[in-house]
Amino acid sequence: MLENSCLFLLNPNFKLKTINQEVFFKDSATSLFIKREDLLHPFISGNKYRKLKYNIKRAKETDARLLLTFGGAFSNHIASVAYAGREHGFNTVGVVRGDELSLKQSLNPTLKFACDCGMELKFISRKDYRRKGDKHYIEILKAEYGEFFLIPEGGTNSMAVKGCEEILESIDLHFDYICCAVGTGGTISGLINASRPHQKILGFPALKGDFLREDIRKFAKRDNWELITDYHFGGYAKIKPELITFINRFKTDYHIPLDPIYTGKMMYGILDLIDHGFFPEHAKILAIHTGGLQGIEGMNIKLEKKGWSLIE
Ligand SMILES: *Cc1c(COP(=O)(O)O)cnc(C)c1O
């Protein structure tokens, strides 16, 4: 396991023509780096590793036997909890949004992986799923499964934020901008807390909705951040052909895979913003690759059904 993830410089003069049609970087020295958190662990990808670290530690301290959490059918978090649970000797239950998914033969690769790690899946209706934060609903689950250590949807709680603070190292303090994809807001909160006031943290939500700002304010200790809401491509797990083309081209050009739900949208957004002159000249930008590559296989099954081109 890599404790320090790697940085890769995207040399703009080298590849730019293939990303943007015009050579934008020529006069300015904007530089873009990627922090490869996706290389942290083969199965507990990127930020999910960071988010689980202190949750698992706490679960051990409380002598919990069972971890229970919530997620959607493609959730990187569900897959990560399943694997981490097995690795650390916990039983795991994943409460999954959507009771239409419960037919075993239709398990997608994410849920199949979770199942293979020994996770018990409980499929609930979208209506019930909205009660995931409700104390009474948690009591119902406790009556069913016995005591458990609860990890919220997406893994976001104060322990997760603490883990995500460790993404930034002292060498990252010279960056002007730090960019990350946003789901539930835990990762960006950790980045904000670990940043310096002169840095700006840009979050690229992978879903529509305004509730995120409130959620981030609960954990973030500074206000040097902004959400860029123009690159969700229609919402969570929604995708468009131009995004697939972009992801495939990015991989060909830089040999870095991006996932379609989070990091592909973020990177598309960053390059588009650079193209439109959003960043000042000489800006040094750090993009966090939060992982999520396990979701590609499941997405490709969806794309194949639509007759679209696949993610390579
Ligand atoms: C879960 C996830 C995110 C979002 O993280 P939050 O802390 O929920 O905002 C971003 N990128 C990837 C790859 C993820 O799996």
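Here the structure is a predicted model, which is why all the values come from computation and not from measurement.

**Considerations on the UniProt feature "active site" (unreviewed entry) in the protein**
Now for step 1: Here, the residues flagged by UniProt with the feature "active site" (unreviewed entry) are Ser75.
Now for step 2: The residue Ser75 is located in the loop between β3 (66-71) and α3 (76-87) in this model.

**Focus on the side chain of Asn224**
Now for step 1: By secondary structure assignment, the location of Asn224 is in the loop between α9 (211-219) and β9 (225-227).
Now for step 2: We classify Asn224 as buried; its relative accessible area is 10%.
Now for step 3: Engagement of the side chain of Asn224 in a polar contact is seen with the side chain of Ser195, the distance being 3.0 Å.
Now for step 4: Excluding residues within four positions of it along the chain, Asn224 makes contact with Ile192, Ser195, Arg196, Pro197, Gln199, Lys200 and Ile201.

**Some remarks on the nonpolar core**
Now for step 1: Counting 66 residues, the largest nonpolar core has Phe204, Phe250, Met267, Ile270 and Phe279 as its most contacted members.
Now for step 2: In terms of residue count, helix α11 (residues 263-275) provides more of this core than any other element does, seven residues in total.
Now for step 3: Counting contributing residues per domain, this core is built from domain 1 (15-42 + 161-306) and domain 2 (65-147), each supplying no fewer than three.
Now for step 4: In this view, Phe204 contacts Cys179, Cys180, Ala181, Val182, Ile228, Tyr231, Met266, Gly269, Ile270 and Leu273; residues no more than four positions away in its chain are not counted.
Now for step 5: Membership of the second largest hydrophobic core comes to 20 residues, among which are Val182, Ile201, Leu227 and Leu286.

**Remarks on the packing of helix α2 (residues 46-61) against helix α7 (residues 158-165)**
Now for step 1: Axis separation between α2 and α7 bottoms out at 7 Å; the angle between their running directions is 125°. The orientation of α2 relative to α7 falls into the category oblique. The way α2 lies across α7 gives a crossing that is right-handed. On α7, the residues touching Asn47, Arg50, Lys51, Tyr54, Asn55 and Arg58 of α2 are Met159, Ala160, Lys162, Gly163 and Cys164.
Now for step 2: Here the residues of the contact of α2 with α7 sort into four nonpolar, three polar and four charged.

Rules used in this analysis
Residues numbered from 1 in each chain as written. Predicted model: local features only at pLDDT ≥ 70, side-chain atom pairs only at ≥ 80, totals over all residues. Heavy atoms only, no water. UniProt positions renumbered as here; feature names shortened; annotations may be inferred. Helix = DSSP H or I, 4+ residues; strand = E, 2+ residues; numbered from the N terminus. Buried < 20%, exposed > 50% of the residue type's maximum accessible area, 1.4 Å probe, protein only. Polar contact = N/O pair within 3.5 Å; in protein donor to acceptor, adjacent residues only side chain to side chain. Contact = heavy atoms within 4.5 Å. Core = buried A, V, L, I, M, F, W, Y, C linked by side-chain atoms within 4.5 Å. Domains from an automatic or database assignment. Axes fitted to C-alpha atoms, helices over the stretch in contact; angles between N-to-C directions. Parallel < 35°, antiparallel > 145°, perpendicular 65-115°, else oblique. Left-handed = near helix turned anticlockwise from the far one by under 90°. Nonpolar A, V, L, I, M, F, W, Y, C, P; charged D, E, K, R; others polar.

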